[in-house]
Amino acid sequence: MTHHAPPALLSAALQAAEQGWHVFPLRPADKRPALHGESVCPLIGDCAGGHRKWEDRATIDPDRIRRAWADRPFNIGIATGPSGLVVVDLDMPKPKSSTGTPCGVTTFGALCERAGQAVPATYRTRTASGGHHLYFTAPPGVRLANSAGRLGKLIDTRAHGGYVVAAGSFTATGPYTVTDPTPPAPLPDWLYALLAPRQPSRRLVAVPSSSKASRYAAAALRAETATVRAAPQGERDWTLLSAARALGRFIAWGDLPRSVVEEALQEAGESAGLSSRQCRSTVRSGLNWSIARNPQRRTA
């Protein structure tokens, strides 16, 4: 008996590929990949040179997509890494969870509010379980991995090594549908700062620096703290985070002691109206992010 994929599934797969999103087949009415695993790889076709996983085999080639979806009603997986996407997955509590557990959408809204940011307007889908996927374009030249719970309870992210079920797919629970067709927005900097790889803190070696470098660092410290103090409501936390990220490099280079920067930013953040606890958390996050990305100067 010949099976034929519903034209809607093929159409949705082609539509995703037109956006530059690399797709691969998922099992019919399921969320799991339909491609063979390494243990049963026939080592032919795509795998002639060795087993290729779903992330490597995901494609935007319309001919390959038409062939793959020609005779089975496969659901559609989008490999987020090759597609240059970071997808924020806002999940629903499990049916047996306590009634007070907030869903991922609620938790994400609270996260945005704490950061002084609006919930980003971007391409959004509703999942079969009632959760939401927010699609963002990944920052250029950065390789973000998947995360689970890092942004909050019932909030995961999919990037390199991950995939999401595309709109047009369906499971026994229901369909995946587009709720906001806006093209994916770039991943906001404040979200990137929360998702960036955390590197183990290295003990910073004090490096003798020239008085010119010290003067420049001191001027930067004055300018950044003044910006934080003057930040308008709704932008204070983000301004403080930006200032910490800008000043962290001077700590890495040995031009400013970390304690001095932390104290100055803490005072500026509190004078702008942020809570002491929020300031400490934001400053620590911003400085750690910056120090991890700025190599220490070598001593002569």
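Residues numbered from 1 in each chain as written. Predicted model: local features only at pLDDT ≥ 70, side-chain atom pairs only at ≥ 80, totals over all residues. Heavy atoms only, no water.

1. Digging into the overall build of the chain
Okay, step 1: Counting secondary structure elements, the chain contains 9 helices and 12 strands.
Okay, step 2: For the chain, buried positions account for 42% of its 300 residues.
Okay, step 3: Within the chain, contacts between residues separated by at least 24 positions form 75% of all contacts whose residues are at least 6 apart in sequence.
Okay, step 4: Total accessible area computed for the chain in this model is approximately 15,900 Å², and 53% of it derives from carbon and sulfur atoms. (Helix = DSSP H or I, 4+ residues; strand = E, 2+ residues; numbered from the N terminus. Buried < 20%, exposed > 50% of the residue type's maximum accessible area, 1.4 Å probe, protein only. Contact = heavy atoms within 4.5 Å. Areas by Shrake-Rupley, 256 points an atom, 1.4 Å probe, with all protein chains shown as cover.)

2. Quick word on the side chain of serine 169
Okay, step 1: Examined against the element boundaries, serine 169 turns out to sit in the loop between strand E8 (163-165) and strand E9 (170-171).
Okay, step 2: Among the polar contacts made by the side chain of serine 169, one reaches the main-chain amide nitrogen of isoleucine 76 at a distance of 3.0 Å.
Okay, step 3: Leaving out residues up to four positions away in the same chain, serine 169 has contacts with Leu9, Asn75, Ile76, Pro175 and Tyr176. (Polar contact = N/O pair within 3.5 Å; in protein donor to acceptor, adjacent residues only side chain to side chain.)

3. A look at the sheet that holds strand E1 (residues 23-26)
Neighbouring strands of a sheet are bound in pairs by backbone hydrogen bonds; such pairs are parallel or else antiparallel.
Okay, step 1: Taken in spatial order, the 3 strands of this open sheet run E1-E2-E8, and their pairing is antiparallel. Taken across any chain shown, the strands that pair with only one partner, and hence form the sheet edges, are E1 and E8. Ignoring strand direction, the axes of neighbouring strands in this sheet form an average angle of 35°.
Okay, step 2: In the sheet, strand E2 (residues 75-79) pairs with E8 via 3 bridges, with the strands oriented antiparallel. Paired with glycine 77 across the two strands is valine 165, which belongs to E8.
Okay, step 3: Across the face of the sheet, helix H1 (residues 7-18) comes into contact with E1 and E2 while running at roughly 15° to E2. (Pairing = 2+ DSSP bridges. Axes fitted to C-alpha atoms, helices over the stretch in contact; angles between N-to-C directions.)

4. Thoughts on helix H4 (residues 104-114)
Okay, step 1: Of the residues making up H4, those classed as buried are Gly104, Thr107, Phe108, Leu111 and Cys112. For H4, the angular spread of buried residues about the axis comes to 140°, placing them on one side. When the buried face of H4 is taken as reference, the exposed residues oriented beyond 90 degrees from it are Glu113 and Arg114.
Okay, step 2: Those residues of H4 that are buried are in contact with strand E3 (85-90), strand E5 (132-137), strand E7 (155-158) and helix H5 (189-195).
Okay, step 3: Glycine 116 sits one or two residues past H4 and shows a positive phi near 70°. (Arc of directions from axis to C-beta.)

5. Considering the packing of helix H7 (residues 236-252) against helix H8 (residues 258-272)
Okay, step 1: With their axes 11 Å apart at the nearest point, H7 and H8 run at an angle of 165° to one another. It follows from the interaxial angle that H7 and H8 lie roughly antiparallel. Seen from above, H7 lies across H8 with right-handed handedness. Judged by residue contacts, Arg236, Leu240, Ala243, Ala244, Leu247 and Ile251 of H7 engage Arg258, Val261, Leu265, Gly269 and Ala272 from H8.
Okay, step 2: Broken down by class, the residue content of the contact of H7 with H8 amounts to 8 nonpolar, 1 polar and 2 charged. (Parallel < 35°, antiparallel > 145°, perpendicular 65-115°, else oblique. Left-handed = near helix turned anticlockwise from the far one by under 90°. Nonpolar A, V, L, I, M, F, W, Y, C, P; charged D, E, K, R; others polar.)

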